[in-house]
Amino acid sequence: MSVAQQLSHVFPLGSRINAAGHLEVGGCDTVELAREFGTPAFVVAEDDLRARARAFVEALRARHDDFDVLFASKAFPCTAVYRVLAEEGLSCDVASGGELSLALRGGFDPARIYLHGNAKSLAELNAAIDAGVGHVVLDGFADIDRLERIAAERGLGTAGGGGAQRVLIRVTPGVAGTTHEKISTGQADSKFGFGVDDARRAIARLRESSSLELVGLHMHIGSQLLALDAFRPAAEVLASLGDFPVYNVGGGLGVAYTAAQEPPSIEQYVDVHVRALHELFGRDKRLLIEPGRALVANSTVTLYTVETVKRNVSTWVGVDGGMSDNLRPMLYGSVYEALFADRPATAGTGERAHVAGKHCESGDVIVRDVPLDDPRPGDVLVTPATGAYGHAMANNYNGIPRPPVIFCKDGDARVVVRRETYDDLAARDVP
Ligand code: LLP
């Protein structure tokens, strides 16, 4: 058996154990990366990002003519990631004015940006129109009122004023996928979207609008879905609302955080959506999908340095990051793997320990009850599958500077987000 096979599918594509016995990501030795760039650090295999983007596009191209893949950029909103996914030909979902500004900076054509948000501000709607975003996804009646006013003020949809602003309606179908309650969005009692009856009213109203052009419906029923069975009944609810040229079926495809998890493949996910589209809506429709996590999660590992090993009832391996770079275990009880950069082949062996962060609360535990081979201060500890909602939800609790993002490709490493400094921490303070 080659050593490479000892790494599970949670690691970035192309990761391996190198001749020195170290974990290699994007052709770079992670022990060297920790030495050169410090820890904690997000290490991204650029080729993995590109490969997953291509896999979504190819899976759709093989099954349906008119489609687009939107990067749900909340999962990893940094300029370099936007740039790579724009280069791969994707479109982009932004959930705020801030993500809009990053997407534009990252090179997305405004015409291929979709603005989402359940509580968009007037400023965000104005910024979207100023930028010329292709589509706004309407989430409630206040959205319609405001956007219609803005579009009308600018004469959109009138002779000489430019075309009407294209919009989609987000429908909450009353069908939820199986996932953590905090990331379930399809249920009727949700802050997102229009319920079915309200959607009918919104559709009727938009059909009368000259400044807004309703092109289709949107749904996003939940995130980290490890079963695909809820998509079809949800699509049936959309089908009851009429006939539209465009259907955006959201994101939601779950990923493997641990070796034992086997999420559906990109092909299986796409297949379920394309079948539903063909059977319920027809072959002449435009299909949009909006993956976030499944594009970026497994592209990335986080490197930490072990600062302390404490043994009481349990063994506590204290590292130099924690809930400031990965909130997911605290918010959703998410489970991760951990191994050492200089001896990845020992993964799954050794003393059972908790990997604890350095923050001042007991809940700051990144991985619970994981076997670790003889943990010692100074070890570089690696947690895989941290590309989605890691950098995105990073924060400065306890005055910890946020980690850098390092892109690795063919053995070359480059910093695409620098580490925060203590000066950054005070940068907004008014003396
Ligand atoms: N489209 C919409 C409208 C969304 O709200 C989301 C995610 C997506 C697409 C992308 O979903 P994905 O493919 O990533 O499942 N912070 C949480 C996840 C929140 C998801 C929010 N919306 C986490 O760390 O698990």
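Residues numbered from 1 in each chain as written. Predicted model: local features only at pLDDT ≥ 70, side-chain atom pairs only at ≥ 80, totals over all residues.

Visitor: I'm lost on the nonpolar core in this one. Help?
Guide: Where a protein is soluble and globular, its nonpolar side chains tend to be buried together. Counting 122 residues, the largest nonpolar core has V43, L303, V355 and I406 as the members making the most contacts within it. The element that contributes the greatest number of residues to this core is helix 9 (residues 266-281), accounting for seven residues. Summarising the domain contributions, this core has at least three residues from each of domain 1 (3-45 + 297-426) and domain 2 (116-291). (Core = buried A, V, L, I, M, F, W, Y, C linked by C-beta atoms within 7 Å. Buried ≥ 20, exposed ≤ 12 C-beta atoms within 10 Å, placed from the backbone. Helix = DSSP H or I, 4+ residues; strand = E, 2+ residues; numbered from the N terminus. Domains from an automatic or database assignment.)

Visitor: I'm lost on the packing of helix 8 (residues 231-239) against helix 9 in this one. Help?
Guide: Two numbers describe a pair of packed helices, the interaxial angle and the distance between the axes. Taken N-terminus to C-terminus, the directions of helix 8 and helix 9 make an angle of 30 degrees; their axes are 10 Å apart at the nearest point. Taken together, the axes of helix 8 and helix 9 are roughly parallel relative to one another. The handedness of the crossing between helix 8 and helix 9 comes out as right-handed. Contacts between helix 8 and helix 9 involve F231, R232, A235, E236 and A239 from the first element and V272, H273, A276, L280 and F281 from the second. A class-by-class count of the residues in the contact of helix 8 with helix 9 yields seven nonpolar, one polar and two charged. (Axes fitted to C-alpha atoms, helices over the stretch in contact; angles between N-to-C directions. Parallel < 35°, antiparallel > 145°, perpendicular 65-115°, else oblique. Left-handed = near helix turned anticlockwise from the far one by under 90°. Contact = placed C-beta atoms within 7 Å. Nonpolar A, V, L, I, M, F, W, Y, C, P; charged D, E, K, R; others polar.)

Visitor: For this particular structure, what's the right way to read the site of the ligand?
Guide: Close to the ligand lie 21 residues; A72, S223, G251, G292 and Y389 are nearest. The set of elements that each furnish at least two residues to the shell around the ligand consists of helix 10 (293-296) and helix 11 (328-332). For the shell around the ligand, a count of residues per class yields eight nonpolar, eight polar and five charged. Taken domain by domain, the shell around the ligand gets at least three of its residues from each of domain 1 (3-45 + 297-426) and domain 2 (116-291). (Near = placed C-beta within 6 Å.)

Visitor: Help me understand helix 3 (residues 79-87) in this model?
Guide: It helps to recall that an α-helix has 3.6 residues per turn; residues three or four apart then point in one direction. Those residues of helix 3 that sit buried are V81, Y82, V84 and L85. What you see down the axis of helix 3 is that its buried residues fit within an arc of 165 degrees, all on one side. Structurally, helix 3 contributes buried residues whose contacts are with helix 2 (46-61), strand 5 (67-72), helix 4 (97-105) and helix 10. Among the residues trailing helix 3, G89 stands out with phi positive, at a value near 90 degrees. (Arc of directions from axis to C-beta.)

Visitor: Help me understand the sheet that holds strand 2 (residues 23-25) in this model?
Guide: Backbone hydrogen bonds are what pair the strands of a sheet, in a parallel or an antiparallel way. Read across the sheet, three strands follow the order 1-2-3 without closing on themselves; strand pairing throughout is antiparallel. Both outer strands of the open sheet, strand 1 (16-17) and strand 3 (28-29), are each paired with one neighbouring strand and no more. Inspection of the sheet shows strand 1 paired to strand 2 by two bridges, in the antiparallel sense. Bridging from a neighbouring strand, R16 pairs with E24 of strand 2. (Pairing = 2+ DSSP bridges.)

Visitor: Honestly, the environment of V94 in this entry has me stumped. Any pointers?
Guide: Within the element layout of this structure, V94 appears in strand 6 (residues 91-94). Looking at V94, the number of C-beta atoms within 10 Å reads 29, which means it is buried. Sequence-distant contacts of V94, that is, excluding residues within four places in its chain, are made with S73, E99, L100, A103, I113, L115 and H116.

Visitor: Sorry if this is basic, but what is going on with the sheet that holds strand 6 here?
Guide: The sheet built from eight strands closes into a barrel, its strands ordered 5-6-7-8-9-10-11-12 with parallel pairing. Across the sheet, the mean angle separating the axes of adjacent strands is 30 degrees when strand polarity is ignored. Of the strand pairs in this sheet, strand 10 (residues 212-218) and strand 11 (residues 246-248) are connected by three bridges, and their pairing is parallel. Its bridge partner lying in strand 11, L217 is registered against Y247. On the sheet, helix 4 packs against strand 6 and strand 7 (113-115) and is oriented at approximately 155 degrees with respect to strand 6. Across the sheet, helix 9 lies against strand 11 and strand 12 (286-289), angled at about 145 degrees from strand 12, the strand it touches most.

Any link to function would need more than the numbers given here.
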